[in-house]
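Analysis of the macromolecular model
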Amino acid sequence: MLMNQVETLMVNNPIRRALQRWYETPLLIRLGGRTPGGRVAEIGCGSGYGTKLILDQFGAAHVDAVDLDPAMIRRARQRLVRYAGRVRLAVGDATDLRAAFDAEDGAY
Ligand SMILES: C[S@@+](CC[C@H](N)C(=O)[O-])C[C@H]1O[C@@H](n2cnc3c(N)ncnc32)[C@H](O)[C@@H]1O
């Protein structure tokens, strides 16, 4: 489901980013460990901040990330430009990841 404007604002703001970086990430690493060298699927990647954390903090080698909202994927592409070769981004629905990535001709 696409987010409305209020939801988008609540998700994409510096306070949430700080929580993701300094609270959620260490907590998840404590609970489940890092993923060094792993290939990770991120469903609902939004503007790609979490994708960046998966690469930088969890140590994944590669992330396949999908989001329903083309505007979010555009933002993610900009954010993740320096990770070219390690990230594949696609617009699509979590219920059909194959279709999302098959349709993605601008994947990097
Ligand atoms: C709460 S936001 C989280 C975004 C990002 N993971 C973050 O932490 O900033 C949820 C995201 O999931 C996406 N989404 C919702 N339903 C989806 C679906 N069925 N398939 C793919 N993405 C979906 C929305 O477009 C939105 O960007």
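Moving on, we get to the overall build of the chain. In terms of helices and strands, the chain carries five helices and three strands. In sequence order, the chain lays out its α and β elements as α-α-β-α-β-α-β-α. On the principal axes, the C-alpha backbone points of the chain span a range of 35 × 35 × 25 Å. The 108 residues of the chain split such that 36% are buried. Across the chain, the fraction of contacts at a sequence separation of at least 24, relative to all contacts at a separation of at least 6, is 57%. Only carbon and sulfur atoms are counted for the fraction: they give 58% of the accessible area of the chain, which is about 6600 Å². Considering the chain, the positive charge centre built from 15 side chains and the negative charge centre built from 12 side chains are found 10 Å apart.

Here we take up helix α3 (residues 49-56). The buried fraction of α3 is high, at six of eight residues. Within α3, the full set of buried residues consists of Y49, G50, T51, L53, I54 and L55. Looking at the buried residues of α3, the elements they touch are α2 (14-32), β1 (39-43), β2 (62-67), α4 (70-79) and β3 (87-91).

Turning next to the packing of aromatic side chains. Using the criterion set out here, one finds zero aromatic pairs in the structure. Over the aromatic face of W22 sits the side chain of R21, whose NZ or CZ is 4.1 Å from the ring centroid.

Residues with a pLDDT of 70 or more make up 96% of the chain, whose mean pLDDT is 93. No element of the chain has a lower mean pLDDT than helix α1 (residues 5-11), which averages 87, and none a higher one than α3, which averages 98.

Before going further, it helps to spend a moment on the site of the ligand. Taken together, the neighbourhood of the ligand is formed by 17 residues, with M1, R16, G44, D67 and A94 sitting nearest. At a separation of 3.0 Å, an oxygen atom of the ligand approaches a polar side-chain atom of R16. With respect to the ligand, the side chain of D93 contributes an N or O atom lying 3.1 Å from a nitrogen atom. Protein contacts shield 77% of the accessible area of the ligand, which totals 600 Å² for the unbound molecule. Top element by residues in the shell around the ligand is α2. It accounts for three residues. Of the residues in the shell around the ligand, the class split is seven nonpolar, four polar and six charged.

Procedures and definitions
- Residues numbered from 1 in each chain as written.
- Predicted model: local features only at pLDDT ≥ 70, side-chain atom pairs only at ≥ 80, totals over all residues.
- Heavy atoms only, no water.
- Helix = DSSP H or I, 4+ residues; strand = E, 2+ residues; numbered from the N terminus.
- Buried < 20%, exposed > 50% of the residue type's maximum accessible area, 1.4 Å probe, protein only.
- Contact = heavy atoms within 4.5 Å.
- Areas by Shrake-Rupley, 256 points an atom, 1.4 Å probe, with all protein chains shown as cover.
- Lys, Arg positive; Asp, Glu negative; His and termini not counted.
- Charge placed at Lys NZ, Arg CZ, Asp CG, Glu CD.
- Phe/Tyr/Trp six-rings, centres within 6.5 Å; stacked < 30°, edge-to-face > 60°.
- Lys NZ or Arg CZ within 6 Å of the ring centre and 35° of its normal.
- pLDDT = per-residue confidence, 0-100.
- Near = heavy atom within 4 Å.
- Polar contact = N/O pair within 3.5 Å; in protein donor to acceptor, adjacent residues only side chain to side chain.
- Nonpolar A, V, L, I, M, F, W, Y, C, P; charged D, E, K, R; others polar.

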